Structures are given as C-alpha cells and as structure tokens.
Amino acid sequence: MNLQLDQIFLKEIDSTLTKVRLGAEMDRMIRACLNADSPTGELFRWAHLTRMSCECAGGELEAVLPGAIGMEFFALALDIFDDVQDQDNEHMPWRQLPDAQAINLAICLLMLSDEAISVIPDNRMLREVAATLHCTGIRASHGQFQEFLFDGRQQVSFEQYFEMAEQKAGSLAACACRIGAVLGGAEETVVHSLEQFGISLGILNQIKNDLNDFLDFSRKKDFVNNKKTLPYVYLLNTLKDETAERFKELTQGGSEGSHGFGDKEREYVRQLAAEEGVSQYCTVMFEIYCQKAREILEGIPVPEKYKENMKELVGESV
C-alpha cells in the first residue's frame, strides 16, 4: 500500500517541479535531497503523516495531496536550514554544497511548498493551510533562535528545553497533522486534537533523536557546540560538585572547542552518561509523551480503524 502511495506522492512532486521549470541541476538536487535524511529508508514521511491525519479525520487521499506535498517541501527546507546553522550531518546531499547554495536551495523549497498548496480548490482551506505553514515557520524559527541563545548559557532548565522542543519539533509535526485534518474536512475540535497529537509526536521523536545523537561524536557536533539537547540539560541539572565542574570544563572549552575533546574526553562523557542514568531519564520522558499522544488519539471521536496508522507512530521504543 505504501509503495503505491509513494508513487502517487512522487507523481505529484514531478508535477510541481515540472510546472515551475527549474534548471536541471536544481531539479536534480531537490530530488536527491528528498528522503535523504530518512533514518530507516522510509519515503515521504512528512507527506505520509499529513495523509494519515487526513485519513484519521475521514478524508480522502485526493483532497490531501497538495497539502502533503507542500508539507514535504516545507519540512525539507527547515532541515536544510537547521543543518547549515548547526554545521553537522555532513553526509547529507545539501551539506555537500557551499552554505550559500544550500540556503538558496532551502528558500526554493519554501517557495515550492507554497506552489504545491496553491492548487487546493477550496479558498477557505487554502488560506488555512497557508496560514498553518507560515505560523509553523515562525514558531520553528523562534525555537531555533532560542536554541542558539541556550548555546551560550551555562544553565538551561528542563522547562526551557521542552518549550524550545515544542516550538521546533513539536510545531512541525503539529503542522502536518493540522493540515491533514483541515483538508480532511474535520471539525475544529478534531483538528485541534490532531494538532496536539502532533506536538507530542514531535517532542517524543526529538527526545529519541537527542539520545541517539548525544554520544555520536563522529556525526553530530551537539556536545562540543554546547547544543542543549535533553541529555545535556539533564546532566547540567543533576550533576553536583566536582563532577559538575568537570562537565562544564568539557562542554565550555572555549577556544579549544572540538580540538580539546579527544578519545579520553569522549570516554569520560560516555561513562558519565551511563552512571548518571541519562538513557533511563530520556526513556521515561519519551514514554510520557508517548502516553500523551495515545490519550489524545483515544479521545478523538472517529472510528478506531481511522486511527490505526497514527497509533503505530507512537508504538516504537526509544
């Protein structure tokens, strides 16, 4: 079934790219970037989330297609902006480009998102979908801005972290769910519930990513860049006395940066994370947001068969 849907999504993407008549190199790069960051090889995961939300609301695939493709372009643009700013994920196609070209590519994708949704026939729905994308862009940008402010701070609270995570990851998943529900013709109470589900889904996935990336020193630069991921914030708020001072020395190394962070320091952080229960804490928080997401789905007054795919999204462990 998903293979058939992927072909439908690809056809819609082809139609949008053909209509705007991009040059061959830009067209090729966009196609190379789509799905490149998929950790498990699944295709068009943002389009599928939008489609699932529409399905949960009882809507049809044809109605949600423009929003699903618009969401796919939009999410990719934000991923590119994020990686260029963080200077990590160097294996991604867009990171093989000079930063100026990658930024230009992301801007083009934002415009393609608007182009994709422009064919929504109902003007009220079109305005609501466009407003949802624009509001999400503002929230995600503000979250990214806050994250950079946190980089320069010695202390960040759990409350500040989760507020930032909601603005970044939470708002993006909520955007896909809201667009799907709107195009599915859902009542406002159902639209709101699916949007809240998306917030929890985005945060639980952020927690999973934070934990997986925390000790991945070769691929991610979160630790040496003082990026306040959840494991980092947990250690900042739980370590005491000499251990806390040692941790701050490692994470706020100033001009030494990554050059002063070798194998010995990496092993120390791995051991510290194990001793202080970083994985256990993140797992508990992950499960809390999974439960929130499940409870929201349970409360949506639609037939259970419409919710099956959404339930599967919160069925995986951290």
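Residues numbered from 1 in each chain as written. Predicted model: local features only at pLDDT ≥ 70, side-chain atom pairs only at ≥ 80, totals over all residues. Heavy atoms only, no water.

### Focus on the overall build of the chain
When helices and strands are tallied, the chain shows 13 helices and zero strands. For the chain, the succession of helices and strands along the chain, N to C, is α-α-α-α-α-α-α-α-α-α-α-α-α. Computed over its C-alpha atoms, the radius of gyration of the chain comes to 20 Å, within 12% of the 20 Å expected for a compact globule of 318 residues. If one aligns the C-alpha atoms of the chain with their principal axes, the spans along those axes are about 65 × 50 × 30 Å. Looking at the chain as a whole, 50% of its 318 residues qualify as buried. By element, 51% of the accessible surface of the chain is carried by carbon and sulfur atoms, the whole surface being about 15200 Å². Across the chain, the mean location of the 31 positive side-chain charges is 1 Å away from that of the 51 negative side-chain charges. (Helix = DSSP H or I, 4+ residues; strand = E, 2+ residues; numbered from the N terminus. Rg over C-alpha atoms; globule rule 2.2 N^0.38 Å. Buried < 20%, exposed > 50% of the residue type's maximum accessible area, 1.4 Å probe, protein only. Areas by Shrake-Rupley, 256 points an atom, 1.4 Å probe, with all protein chains shown as cover. Lys, Arg positive; Asp, Glu negative; His and termini not counted. Charge placed at Lys NZ, Arg CZ, Asp CG, Glu CD.)

### Brief notes about the packing of helix 1 (residues 2–20) against helix 5 (residues 99–117)
Look at helix 1 against helix 5: their axes get within 10 Å of each other, and the N-to-C directions meet at 110°. When the axes of helix 1 and helix 5 are compared, the pair comes out roughly perpendicular. Only Leu-112, Glu-115 and Ala-116 of helix 5 make contact with helix 1, whose side of the interface consists of Thr-16, Leu-17, Lys-19 and Val-20. (Axes fitted to C-alpha atoms, helices over the stretch in contact; angles between N-to-C directions. Parallel < 35°, antiparallel > 145°, perpendicular 65-115°, else oblique. Contact = heavy atoms within 4.5 Å.)

### Description of the pattern of salt bridges
Side-chain pairs of opposite charge can arise whenever the charged atoms involved come near each other. Evaluated as defined, the whole model comprises 19 salt bridges. A salt bridge links Arg-28 to Glu-25, with the shortest nitrogen-to-oxygen separation between them at 2.8 Å. Of the two residues, Arg-28 and Glu-25 are both situated in helix 2 (residues 24–33); the distance of three residues between them amounts to about one turn of the helix. A relative accessible area of 51% means that Glu-25 is categorised as exposed. In this structure, Arg-51 engages Glu-55 in a salt bridge whose closest nitrogen and oxygen atoms are separated by 3.7 Å. Linking Arg-51 with Glu-55, this pair stays in helix 3 (residues 45–56), spanning four residues, or about one helical turn. Exposure remark for Arg-51: the relative accessible area of 7% places this residue in the buried category. Judged by its relative accessible area of 26%, Glu-55 is partly exposed. One network of salt bridges, with partners in common, ties together Arg-124, Glu-128, Arg-178, Glu-188 and Glu-195. (Salt bridge = Lys/Arg side-chain N within 4 Å of Asp/Glu carboxyl O.)

### Looking at the side chain of Ser-200
Residue placement: Ser-200 occurs in helix 8 (residues 188–214). A relative accessible area of 6% means that Ser-200 is categorised as buried.

### Regarding empty space enclosed by the protein
Across all of its chains, the model carries one cavity of 30 Å³ or more by this definition. Its volume calculated, the largest cavity comes out at about 80 Å³. Around the largest cavity, the lining residues are Cys-33, Leu-34, Asn-35, Asp-37, Phe-44, Arg-45, Trp-46, Glu-72, Leu-76 and Asp-79. Put simply, the parts of the chain that give the lining of the largest cavity at least two residues each are helix 3 and helix 4 (61–86). Of the residues forming the lining of the largest cavity, the biggest block, three residues, is contributed by helix 4. When grouped by side-chain class, the residues that make up the lining of the largest cavity number five nonpolar, one polar and four charged. (1 Å grid on protein atoms, 1.4 Å probe; cavity = no way out; pocket = protein on both sides within 12 Å on 5 of 7 lines; lining within 4 Å. Points joined across faces, edges and corners; volume = space filled by probe spheres on them. Nonpolar A, V, L, I, M, F, W, Y, C, P; charged D, E, K, R; others polar.)

### Some thoughts on helix 10 (residues 241–251)
Taken as a whole, helix 10 has its buried residues at Ala-244, Phe-247, Leu-250 and Thr-251. Along helix 10, the residues classed as buried sweep out an arc of 125° about the axis, all on the same side. Of the residues in helix 10, the exposed ones pointing more than 90 degrees away from the buried face are Asp-241, Glu-242 and Glu-249. Those residues of helix 10 that are buried lie in contact with helix 9 (230–238) and helix 11 (263–275). (Arc of directions from axis to C-beta.)

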